[in-house]
Amino acid sequence: MAPVFSFRVLHRDGSARSGEMTTAHGVVQTPAFMPVGTQGAVKGVTSRDLLDAGAEIILGNTYHLWLRPGDQRIARLGGLHRFMGWDRPILTDSGGFQAFSLGGQRAITEAGIRFRSHLDGSEHLLTPEGATDIQAGLGPDIAMVLDECLAQPAPVGEVRASTERSARWARRCRDRFLQLGGPAPLRHAAAADPGTTVTVTNARQAQFGIIQGGTVPELRALSADRTLAIGFEAYAIGGLSVGEPPETMYSVVEYTAPLLPADRPRYLMGVGTPLDIVEAVSRGIDLFDCVMPTRNARNGQVFTSEGRLTIKNAKYADDAGPLDPACTCYTCRTYSRAYLRHLFVAGEITASVLNTVHNLRFYLDTMARVRQAIVFGTLETLKRSLRATYSRPLSDS
Ligand SMILES: [Zn+2]
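Bear in mind that the values here come from a model prediction, so they are computed numbers and not experimental data. (Residues numbered from 1 in each chain as written. Predicted model: local features only at pLDDT ≥ 70, side-chain atom pairs only at ≥ 80, totals over all residues. Heavy atoms only, no water.)

Visitor: Tell me about the overall build of the protein chain, residues and numbers included.
Guide: Looking only at helices and strands, the protein chain has 15 helices and 19 strands in total. For the protein chain, whose C-alpha radius of gyration is 21 Å, the value lies close to the compact-globule estimate of 21 Å for 397 residues. Seen along its three principal axes, the alpha-carbon backbone of the protein chain occupies a region of about 60 × 45 × 45 Å. In the protein chain, buried positions account for 55% of the 397 residues. By sequence separation, contacts in the protein chain at least 24 residues apart represent 66% of the contacts at least 6 residues apart. As displayed, the protein chain has an accessible area near 16300 Å², and 52% of this comes from carbon and sulfur atoms. (Helix = DSSP H or I, 4+ residues; strand = E, 2+ residues; numbered from the N terminus. Rg over C-alpha atoms; globule rule 2.2 N^0.38 Å. Buried < 20%, exposed > 50% of the residue type's maximum accessible area, 1.4 Å probe, protein only. Contact = heavy atoms within 4.5 Å. Areas by Shrake-Rupley, 256 points an atom, 1.4 Å probe, with all protein chains shown as cover.)

Structure (C-alpha cells):
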C-alpha cells in the first residue's frame, strides 16, 4: 500500500525548496497556496473555478463545519470531499482559531476551549480529542492539531504557559489520532464527546503539529522540541499574521523553519500577501493559506501584476482594458475594468465571483512563478520584483 503521506524536495534555491507533497487525494506541487473554503465552499467560486485557477489543495474550517451542518452529518454523506464536490487534497484547521476569534464568552482550560457559538449562542467545548474526532469525520487529507492562539502581544510568562499547553494538547491530539488509526476505509469508534460515535471517512489522513512560541526564539525552540518529539507527518508555524509587523513575522520564520525537519513540508498558517509568501518561501516555507485573495475580491480589491487595484475607483468607469493585462483568467479574458467597476458599484453578486476568479488565479500563478524561479535559481530576482510592486502603497487609493 502507498504511504499515507510523503514529501520530496526536488529543487533548492538558497533556503527555498520546490517539491511534491503526496496525499490520499493526489499530489500537490510546492510551494503551494491553499484557497480557504470556510464553510465547505471557497466564497464566490465553484470547484470548477478552483480547478481552472490551478488550485491543487484547499483549506476547510473545522469550526464552521462542526457547528453547521455538523461533522457527523458530513461523515454520513461520505466526508467533506464528496460533500463539497472536490476530489483533490483538503487540509482542515483544528477549529481553535475561530473558537477564539468568533466564539463568545470563551474560556481556555487544560481541557480545551469553552465558547458560545456565534450562530445560536449554544455552549461548546472544543477539546484536543474532539478536534481530532471532528476532522476524522470530515476526512481531509491533512488534519491539524488543536493549539492555543494567544492574543499578542503577551507577557513572556503567558507565552511560555500557552506554548507548553499547546504541546500538551498536541500530544493528546496525536494519541487520539493513533487510537482512531487502522487500515479499514470506514471505521467507527466511541467519540471523545460522550454519547456520539466518530466515523473515519479518510483512513489515509495525515496530521500536522503546530509550532507556537510567539516572537520569543527560545519558546519557538522549546515548542519545536516538544512537538517534534511527539512525531507528526509534518509541521506548521502558527501564531503569526496576527497583527505583528511583517519584519517580525519574517524573523520568526527565519529562526523557526530550520528547527523543522528538512524532509517534511513546512506550513506557515494564515499568510499572507504575495510579498509575504515569497519572503517566507525564501526562508524555507512550503505551504500557505490566507483569506486575502477571496476576501479582498469581495471588497473590490484586486491583485495584479502591476500591484493592487481598487475597482470601484471612478477612473475605471471608462476603462476598456482587462483587470490585469498579464492574466489569462476567465475574468481578464472576457470583461473590462469598466464593466467590473459597474458590477461592483451596482452591488451585483457577479462582481464578487469575477474578482475572486481573478485573485485566485493571480495567487496561484504567483506560486507557479515561485516554483519555476526555485528551479532556475532566480527566486531573489522574483522577490525583488514583487517587493517593488507590492511594498508601495495602493497605487490608486
Ligand atoms: Zn485575471
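Visitor: Which residues make up the environment of Phe362, and what are the values?
Guide: Mapped onto the fold, Phe362 is located in helix H14 (residues 349–376). With a relative accessible area of 7%, Phe362 lands in the buried category. With 33 residues separating them in the primary sequence, Phe362 and Cys329 have C-alpha atoms 8.5 Å apart. Not counting residues up to four positions away in its chain, the partners in contact with Phe362 are Pro274, Phe303, Thr304, Ser305, Asp324 and Tyr390.

Visitor: Account for the nonpolar core, with residues named and values stated.
Guide: In terms of nonpolar packing, the biggest core is built from 99 residues, with Leu91, Met144, Phe208, Tyr267, Leu268, Phe288 and Leu379 touching the most fellow members. A per-element tally of this core places H14 first, with 11 residues. Among the nonpolar cores identified, the runner-up in size contains five residues, and Ala154, Val216, Leu219 and Leu222 belong to it. (Core = buried A, V, L, I, M, F, W, Y, C linked by side-chain atoms within 4.5 Å.)

Visitor: Before we move on, could you go through the packing of helix H10 (residues 274–281) against H14 and cite the residues and values that matter?
Guide: Running from amino to carboxyl end, H10 crosses H14 at an angle of 25°, the nearest separation of the two axes being 11 Å. Regarding the angle of H10 to H14, the classification is roughly parallel. Of the two elements, H10 crosses H14, and the hand of that crossing is right-handed. Across the interface between the two elements, Pro274, Ile277, Val278 and Val281 from H10 touch Phe362, Tyr363, Met367, Val370 and Ile374 from H14. Here the residues of the contact of H10 with H14 are counted per class, giving nine nonpolar, no polar and no charged. (Axes fitted to C-alpha atoms, helices over the stretch in contact; angles between N-to-C directions. Parallel < 35°, antiparallel > 145°, perpendicular 65-115°, else oblique. Left-handed = near helix turned anticlockwise from the far one by under 90°. Nonpolar A, V, L, I, M, F, W, Y, C, P; charged D, E, K, R; others polar.)

Visitor: Any details on the environment of Phe376? Residues and values, ideally.
Guide: Structurally, Phe376 can be placed in helix H14. Distance in space between the C-alpha atoms of Phe376 and Ile237 is 27 Å, their sequence separation being 139 residues.

Visitor: Tell me about the sheet that holds strand E3 (residues 26–30), and name the residues and values.
Guide: Strand order across the open sheet formed by three strands is E1-E2-E3, with antiparallel pairing between neighbours. Looking at strand neighbours, the two that pair on one side only are strand E1 (6–13) and E3, the edges of this open sheet. Direction aside, the axes of adjacent strands within the sheet are offset by 15° on average. Here E1 runs beside strand E2 (residues 16–23); their pairing, made up of seven bridges, is antiparallel. (Pairing = 2+ DSSP bridges.)

Visitor: Explain the coordination of the zinc ion to me, using residue names and the numbers behind them.
Guide: Only Cys327 (SG), Cys329 (SG), Cys332 (SG) and His358 (ND1) from the protein reach the zinc ion as donors, at distances of 2.1 to 2.3 Å. Each of the four donor atoms bound to the zinc ion contributes to angles spanning 98 to 120°, and the resulting shape is tetrahedral. The sequence pattern formed by the donor residues of the zinc ion is C-x1-C-x2-C-x25-H. Linking Cys329 in the loop between strand E19 (307–310) and helix H12 (330–334) with His358 in helix H14, this pair joins segments that are 29 residues apart in sequence. Both residues of the pair, Cys329 and His358, belong to the buried class. (Donors = N, O, S within 2.8 Å, 3.2 Å for Na, K, Ca; no water. Tetrahedral: all angles 85-135°; square planar, octahedral: opposite > 155°, others 65-115°.)

Visitor: I'd like a rundown of the pairing of strand E9 (residues 113–116), residues and numbers included.
Guide: The alternating pattern of E9 places Ile113 and Phe115 on a buried face, while none of Arg114 and Arg116, on the opposite face, is buried. Relative to E9, strand E8 (residues 104–108) is paired through three bridges, and the arrangement is antiparallel. In the strand pairing of E9, Gly104 is matched with Arg116. In sequence, E8 turns back onto E9 through a hairpin of four residues. Adjacent in sequence and paired antiparallel, E9 and strand E10 (residues 123–126) are bridged by six residues, among which Gly121 carries a positive phi angle near 75°.

Visitor: Before we move on, could you go through unusual backbone geometry and cite the residues and values that matter?
Guide: Glycine aside, residues mostly have negative phi angles, and peptide bonds mostly take the trans form. Cis geometry is found at the peptide bond from Arg68 to Pro69, where omega equals 10°. With respect to the helices and strands, Pro69 occurs in the loop between helix H2 (62–67) and helix H3 (71–76). In this chain, Val271 is followed by Gly272 through a cis amide linkage whose omega measures 0°. Along the chain, the position of Gly272 falls in the loop between strand E16 (266–268) and H10. Located in the positive-phi region is Gln105, a residue other than glycine, with phi close to 45°. With respect to the helices and strands, Gln105 occurs in strand E8. On the accessibility criterion, Gln105 (66% relative accessible area) is exposed. The phi torsion at Ser241 lies on the positive side, around 60°, for a residue other than glycine. If you trace the backbone, Ser241 turns up in the loop between strand E15 (234–237) and helix H9 (246–256).

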